[in-house]
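What follows is each chain in one-letter form.
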Amino acid sequence: MISTNGLTALECIDERLPGLMRENGCRIVRQHIRICDSSGDLTRDKISFNMTAEQINIGWSRAQEVLASCVDDSIHTVHCGARFQSYRESTDNNDGGHGTVEIQFEDGRTVQTSLLIGADGAGSKLRRILAHENANTAHTQKTAAKSYETRYNGQLLWNALIPTADISSHLVHQPGEVEYITCGNNGQVVLSFDAGQDQTSWYLTLMEGDKASFLEETRAALEGSADGSTSFGGFGRRGVKKQLEQSFREWPLALACLEATPESQIFERRLSDKPPLMEWTPNANTSKRKRWGKQDDTPMSRVVLMGDAAHPMIPSQGQGTMMTWEDAADLATLVSPHLTKTTNDHTPDSAQALALSEALHNFVAARAERCARVQKYSAQSYMGRRSSRFFPKQLFRMKNSMAQMKFVKNGYEPVTVP
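For clarity, every value in this text was computed on a predicted model and none was experimentally measured.

1. Focus on the sheet that holds strand β14 (residues 267-273)
Taken together, the eight strands give an open sheet; going across it, the order is β3-β2-β10-β11-β12-β9-β14-β13, and neighbouring strands pair in mixed fashion. Of all the strands in the sheet, just β3 (47-50) and β13 (234-235) have a single pairing partner and so form its edges. Bridge count between strand β11 (residues 189-194) and strand β12 (residues 199-207): six bridges; the pairing is antiparallel. Note that in β12 the partner of Phe193 across the bridge is Ser201.

2. Brief notes about the packing of aromatic side chains
According to the stated counting rule, one finds six aromatic pairs in the structure shown. Ring centres of Trp158 and Phe232 lie 6.2 Å apart, and the angle between their planes is 80 degrees; this geometry places the pair in the edge-to-face category. Of the two residues, Trp158 is situated in strand β9 (residues 151-163) and Phe232 in the loop between α6 (216-223) and β13; the sequence distance between them amounts to 74 residues. Phe232 shares its class with Trp158; the two are buried. With centroids separated by 6.4 Å and ring planes inclined at 65 degrees, the aromatic side chains of Phe248 and Trp251 adopt a geometry described as edge-to-face. Given a relative accessible area of 0%, Phe248 falls into the buried group. Here the basic side chain of Arg373 rests over the ring of Phe407, its NZ or CZ set 3.7 Å away from the ring centre.

3. With respect to the sheet that holds strand β5 (residues 84-89)
Across the sheet, which stays open at both edges, the three strands sit in the order β5-β6-β7 with antiparallel pairing between neighbours. Looking at which strands have only one partner, the edges of the open sheet turn out to be β5 and β7 (110-113). In this sheet, neighbouring strand axes are inclined to one another by 20 degrees on average, regardless of whether the strands run parallel or antiparallel. Examined bridge by bridge, strand β6 (residues 101-105) and β7 share four bridges and lie antiparallel to one another. When the sheet's bridge partners are listed, Glu102 is paired in β7 with Gln112.

4. A look at the pairing of β12
The side chains of a regular strand alternate between both faces of the sheet. Here β12 lies mainly inside the structure; eight of its nine residues are buried. With antiparallel pairing between neighbouring strands as the criterion, β11 and β12 make up a hairpin whose turn holds four residues, including Gly196 at a positive phi of roughly 85 degrees.

5. What to know about the pattern of salt bridges
Within the structure shown, the criterion is met by 13 salt bridges. Arg151 serves as the salt-bridge partner of Asp273, at 3.0 Å between the closest nitrogen and oxygen. On the criterion of sequence distance, the pair formed by Asp273 in strand β14 and Arg151 in strand β9 is long-range, its members being 122 residues apart.

6. As for the side chain of Asp194
For Asp194, the position within the fold is in strand β11. The side chain of Asp194 sits in the buried core without any salt bridge; Arg62 is the nearest counter-charge, 7.2 Å away. In this view, Asp194 contacts Cys26, Ile28, Asn57, His173, Gln174, Pro175, Gly176, Glu177 and Gln199; residues no more than four positions away in its chain are not counted.

7. Digging into the pairing of β11
Counting buried positions along β11 yields six of six residues, so the element is predominantly enclosed. Here β11 shows two buried faces, one formed by Val189, Leu191 and Phe193 and the other by Val190, Ser192 and Asp194. Of the pairings in the sheet, the one linking strand β10 (residues 177-182) to β11 comprises five bridges and is antiparallel in character. Bridging across to β11, Glu179 finds its partner in Ser192.

8. A look at a nonpolar patch on the surface
There is a patch of nonpolar side chains on the surface, built from Val71, Ile75 and Val78 and spanning about 270 Å² of accessible area. Counting through the fold element by element, Val71 comes out in the loop between α3 (60-69) and β5. Residue Val71 is classed as partly exposed on the basis of its relative accessible area, which comes to 39%.

9. Thoughts on the nonpolar core
In terms of nonpolar packing, the biggest core is built from 34 residues, with Tyr87, Leu116, Leu126, Trp280, Leu305 and Phe363 touching the most fellow members. Listed by contribution, the elements that provide at least two residues to this core are β5, β6, α4 (125-133), β17 (303-305), α9 (320-339), α10 (349-380) and α11 (391-410). In terms of residue count, α10 provides more of this core than any other element does, nine residues in total. With near-sequence residues (within four places) excluded, Leu116 lies in contact with Phe84, Tyr87, Val101, Ile103, Leu126, Arg302, Val303 and Val304.

Each value, and the rule that gives it
- Residues numbered from 1 in each chain as written.
- Predicted model: local features only at pLDDT ≥ 70, side-chain atom pairs only at ≥ 80, totals over all residues.
- Heavy atoms only, no water.
- Pairing = 2+ DSSP bridges.
- Helix = DSSP H or I, 4+ residues; strand = E, 2+ residues; numbered from the N terminus.
- Phe/Tyr/Trp six-rings, centres within 6.5 Å; stacked < 30°, edge-to-face > 60°.
- Buried < 20%, exposed > 50% of the residue type's maximum accessible area, 1.4 Å probe, protein only.
- Lys NZ or Arg CZ within 6 Å of the ring centre and 35° of its normal.
- Axes fitted to C-alpha atoms, helices over the stretch in contact; angles between N-to-C directions.
- Salt bridge = Lys/Arg side-chain N within 4 Å of Asp/Glu carboxyl O.
- Lys, Arg positive; Asp, Glu negative; His and termini not counted.
- Contact = heavy atoms within 4.5 Å.
- Patch = residues over 30% accessible without salt bridge, like charges linked within 9 Å, V, L, I, M, F, W, Y side chains within 5 Å.
- Areas by Shrake-Rupley, 256 points an atom, 1.4 Å probe, with all protein chains shown as cover.
- Core = buried A, V, L, I, M, F, W, Y, C linked by side-chain atoms within 4.5 Å.

See below:
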């Protein structure tokens, strides 16, 4: 799902991208919501409404192809199969003041670069390293370890992308539409939608341990064996299709999606995030440098986190990728003036290094608070969250949700530089 804030960010990155995403995806024009009890019966009339804000649904492999198509042909330094191990920043100015980062990979290779961007996902190794570098006592080391702990929210998700024509015609969504069903049990949902190019994306969710629908076979896969290994997670776990057919036996749409999907194409995962992180650069509290002619506690560094490495999210609002694109747009705007200077530039090398570090500081200042807020809202508003039966609480939650969604989708303002 690409929401309006994502389209804004994409336009800042490359003005061709929004149009290409629209061409390769599908604009969602209408959504249908069915609220059911645990036996599959509707508890109220179906809710249908037209989408006013633009939303583009696209398969992520296609989205990645679109992004790759806009990479300049002159760039030939994309390497795969390189696992990050550690890094070291030069600090003694022996390189003439430029400042460099040396990156070490697990296979022994090293690379020197002017900027290290940690976009290594929710399990970011760079985030773990930075957390412990910023800690200087045994107590803060324990706090550092907690700062990157995985927080499971108790919800399991299964999804697949399949040809729309393979689903029974009387159950499938209409072009440009979304079908969303809450199943009476907290956190249990059936979701299917048009993903463009005659494809359908479907999602099923359950809460771990739900007595009504959580099967022992699924529990056994999660708990794993005595050695700590588990068979749960990834594509095509043996028996997953049959288990889901049992857990969602009351919902024909779920059964139709499962019937149309080979077991090998069903992806499963435990939903999780990590604690909010407000510092995305090294030595946030320990190093000093001169800034604007004065001693300052803001460190001079050429290392920064972004995307899921800095703010992994529960995917309830479809904002993980949107926040990453916002990060990419703002980071590029702020650092590019300081990475394109040539050796013939009259700005002293040391000033360039200082300006780049300042740009990273400004990037984190612009992004961290917004991302933490969206991360919190995504965790609170997990799919299928059961509503209170107390009307004032329902009203409060509805108003709060509307305000949060306005902030999420309309609250992104790209940074600018003088």
